[in-house]
2 protein chains.
Amino acid sequence: MDEVRGQTRRRVAAPRAGRPRQAEVAQLAGVSQTTVSLVLGGKADDVAISAETRRKVLGAAERLGYVPDPAASRLAAARNNLLGVFSFTATFPTDVQHSYYPFLVGVEQEAAAQGFDLVLFTGSSTGGARAGAHALHRARLADGCLVLGRHAPADQLRRLVDDGFPVVHLGRRDEPEGLAWVGADYVTAARAVVGDLVARGHREVVLVCEDDPVPASTDRERGFHEGLLAAGVPTGPERVHRCADPERDLTPARLRAWLAAGVTAIVVEETDTSAAWRALNTAVSDAGLDCPRDVSLALLGSPPPDHEGPVPTGFDLPRARLGAAAVRALAALVAGGRPDEPLVECAFRPGATVGPPPR
Amino acid sequence: MDEVRGQTRRRVAAPRAGRPRQAEVAQLAGVSQTTVSLVLGGKADDVAISAETRRKVLGAAERLGYVPDPAASRLAAARNNLLGVFSFTATFPTDVQHSYYPFLVGVEQEAAAQGFDLVLFTGSSTGGARAGAHALHRARLADGCLVLGRHAPADQLRRLVDDGFPVVHLGRRDEPEGLAWVGADYVTAARAVVGDLVARGHREVVLVCEDDPVPASTDRERGFHEGLLAAGVPTGPERVHRCADPERDLTPARLRAWLAAGVTAIVVEETDTSAAWRALNTAVSDAGLDCPRDVSLALLGSPPPDHEGPVPTGFDLPRARLGAAAVRALAALVAGGRPDEPLVECAFRPGATVGPPPR
DNA sequence: CCTCGGTACTAATACGCATTAGGCCCGCGT
DNA sequence: ACGCGGGCCTAATGCGTATTAGTACCGAGG
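This one's a predicted model, so the numbers in the text were calculated from it and none came from an experiment. (Residues numbered from 1 in each chain as written. Chains lettered and ligands numbered in written order. Predicted model: local features only at pLDDT ≥ 70, side-chain atom pairs only at ≥ 80, totals over all residues. Heavy atoms only, no water.)

Here's the deal with the environment of Pro292(A)
Next, step 1: Among the structural elements, Pro292(A) can be located in helix H14 (residues 291–294).
Next, step 2: Residues Pro292(A) and Pro312(A) lie 20 residues apart in sequence; the distance between their C-alpha atoms is 10.0 Å. (Helix = DSSP H or I, 4+ residues; strand = E, 2+ residues; numbered from the N terminus.)

Below, the structure written as structure tokens:
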């Protein structure tokens, strides 16, 4: 009976302090809050809105300096246009070489291209204890989240995935079932490097890698074997030399033993520290040998930034493109689709450390 | 007996997919959503809740793995326990020396100590055009925001401040009226350095600074003058040497001219590039002079990371403490209070580039 | 005159949580 | 026996936006 009174009583949007809401815009434009949402949300294509009304709304929004509340947008089962980036290792390491900067370049660029803004969550040094147990949860402020760092706890990731929250992990990862990831195609890249060696006549090739069976490592090993097999060169685990401590292990003596056994080329896996690559180079010069002439070396990755001397043959990980691909995958998930190709191709780097086999 | 009926009519929380809400926890615990909110929000002190009920709620929350939705928390005029960090210059510069890393160390630590998590917003490379005009707005996802970088646009800052959103700027700043900031006490620090010179007998001192009248620079200049005046040494603008291009300006000839005019000590402002400091050192050695013996040099700031030779006398900016102070100020604002002391004391660094005046 | 199909808009509701204003019950005082 | 206060809890509402299910109007077709 008194619904009219009841309505007018409440509908008068009191001129509030603070930031204007859609209701204020609506009042100024003489339309409903719904219409404001429709116009400002760009949904005016689905629901017909006259040009006149649209103009009024936009004008009012402009005059009031309206800006949407990201929390409210997000809550209303809608989107934020924000992509979260979560890093479990330090986001700001002392050594910039260990930071994710190269990836983030691509991430930021592609995100802008896709119409997203970025929000970075830092989960590293937060103590880890209680707060850390649900650290990943603040990712829910965004529409989706990119996860960096191999140490992301599987249970927290699983939780997000199970809840249907869009997550993309940077780097191959199997652990939480159904987790989307984007990684480098190490298999193909390693195969290409080995293929180059074989094409130049090498038959006896060994692989040196550190003793840490992460996907990035096992993929390279697989590519190594595949490259040999594809060229008809028999291979096996005996060609793989795993060493925990390259410094002590990759000595001139070891090197000479290999050469004596007929080895003409050595392929080294790239790691965080590049310890193996460094040690091997030292061993070569300590043994009085010359790299392209007496033995060929290849690096499955990029040389360390302080590398001197000839450019090592190998491949480069296109970090920026990887970041961009991750964003594309995430955008696809956010849009309700499925990401397509998770693998990003690496670029073969000819280099100068590979030559024909001696003699 | 009939409370169940009454409740079941509307309150039947359908077993939903996705993450549990407080309603689910409430149902499992056999209490109301309000109670869950009260217990989980720690407000059980204001409103009495029995230990038994609290236990049940906590148990249910644990079993369901409940985690609060940060967007909803924030929307409900409540708090997020999130502090935003907004950087207008590149968050990930190629040169880590130019990054905010040292500040962020303190920020992160103090935030954790105050029970906040961090959210980083990157506003640098986002193109700037339309999206950039409201870039700072996503800060509203957090309870408050720390702003880094001197290029933060005043209008966007004013907007937040006017809306009563807690903002703290890192570095002194006057522009938007009422903006809270935390900065280093350059005046006192510079005064101390000059005081040290005067105490050692120097009377003719000049200040070299780059030509950029930002607060950080004018503060140091003020401290320079105050230091001299406090010791009864007359001073004036003629003692200040502003140079836009230190490389060309701070020549051995210039140096000799100063010495001939009786100058015994030179105070240099620290800048991004440390160009003035470098140029002056080069000039001293090119002129065949020795630093502590023939002329004293002091640096109003920290030496560049690649600095070699004796430690320059001057002061150090306690970046981590500055970051921590900023967080404390922000926490105070978020809590509805007012930040107290905005100035952070710098540490005098004795160094080895200052001695008694020659002769 | 009465549908029918648009067009242009709005009312109502959901989102998940926090908070305010009570409601109920029990024990104590008078 | 009645009121009253305090302990414990809940109903109801708001936060600002997005979305769904309409309503009101209008011109055309029967």
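Text resumes after the structure shown.
Some remarks on the protein's contact with DNA strand C
Next, step 1: Of all residues adjacent to DNA strand C, which total 28 residues, the nearest are Thr35(A), Ser50(A), Thr53(A), Gln22(B) and Tyr66(B).
Next, step 2: Among all atoms of DNA strand C positioned within 4 Å of the protein, those belonging to sugar or phosphate total 61%.
Next, step 3: In the environment of DNA strand C, a phosphate oxygen lies 2.3 Å from a nitrogen or oxygen atom belonging to the side chain of Thr53(A).
Next, step 4: Of all the elements in the fold, those that place two or more residues in the surface near DNA strand C are helix H3 (33–40) of chain A together with helix H3 (33–40) and helix H5 (70–75) of chain B.
Next, step 5: Broken down by element, the residue count for the surface near DNA strand C peaks at 4 residues, all from H3(B). (Near = heavy atom within 4 Å. Polar contact = N/O pair within 3.5 Å; in protein donor to acceptor, adjacent residues only side chain to side chain.)

Notes on helix H10 (residues 215–230) of chain B
In an α-helix, one full turn covers 3.6 residues, which means residues spaced three or four apart are oriented alike.
Next, step 1: The first and last C-alpha atoms of H10(B) sit 22 Å apart over 16 residues, in line with the 22 Å expected at 1.5 Å per residue.
Next, step 2: Within two residues after H10(B), Gly232(B) carries a phi angle of roughly 80°, on the positive side. (Expected span 1.5 Å × (residues − 1).)

Topic: the sheet that holds strand E9 (residues 296–300) of chain A
Residues and elements named next belong to chain A.
Next, step 1: The 6 strands lie next to each other as E7-E6-E8-E9-E10-E12, forming an open sheet whose pairing is mixed. The open sheet has two free edges, formed respectively by strand E7 (240–243) and strand E12 (347–349), since each of these has just one partner strand. Averaged over all pairs of adjacent strands, the angle between their axes in this sheet comes to 20°, without regard to strand direction.
Next, step 2: Across 4 bridges, strand E6 (residues 205–210) lies against E7 in parallel orientation. Residue pairing for E7: Glu210 is matched across the bridge by Cys243.
Next, step 3: Along the sheet face, helix H9 (residues 186–199) touches E6, strand E8 (265–269), E9, strand E10 (313–316) and E12 and points at about 160° away from the line of E10. (Pairing = 2+ DSSP bridges. Axes fitted to C-alpha atoms, helices over the stretch in contact; angles between N-to-C directions. Contact = heavy atoms within 4.5 Å.)

Some thoughts on the protein's contact with DNA strand D
Next, step 1: Neighbouring DNA strand D are 28 residues; Gln22(A), Tyr66(A), Thr35(B), Ser50(B) and Thr53(B) lie closest to it.
Next, step 2: Between DNA strand D and Asp69(A), the relevant distance is 3.3 Å, taken from a phosphate oxygen to a main-chain nitrogen or oxygen of the residue.
Next, step 3: The backbone of Ala76(B) places a nitrogen or oxygen atom 3.5 Å from a base oxygen of DNA strand D.
Next, step 4: Those elements that place two or more of their residues in the surface near DNA strand D are H3 and helix H5 (70–75) of chain A together with H3 of chain B.
Next, step 5: Here the surface near DNA strand D takes 4 residues from H3(A), the largest share from any one element.

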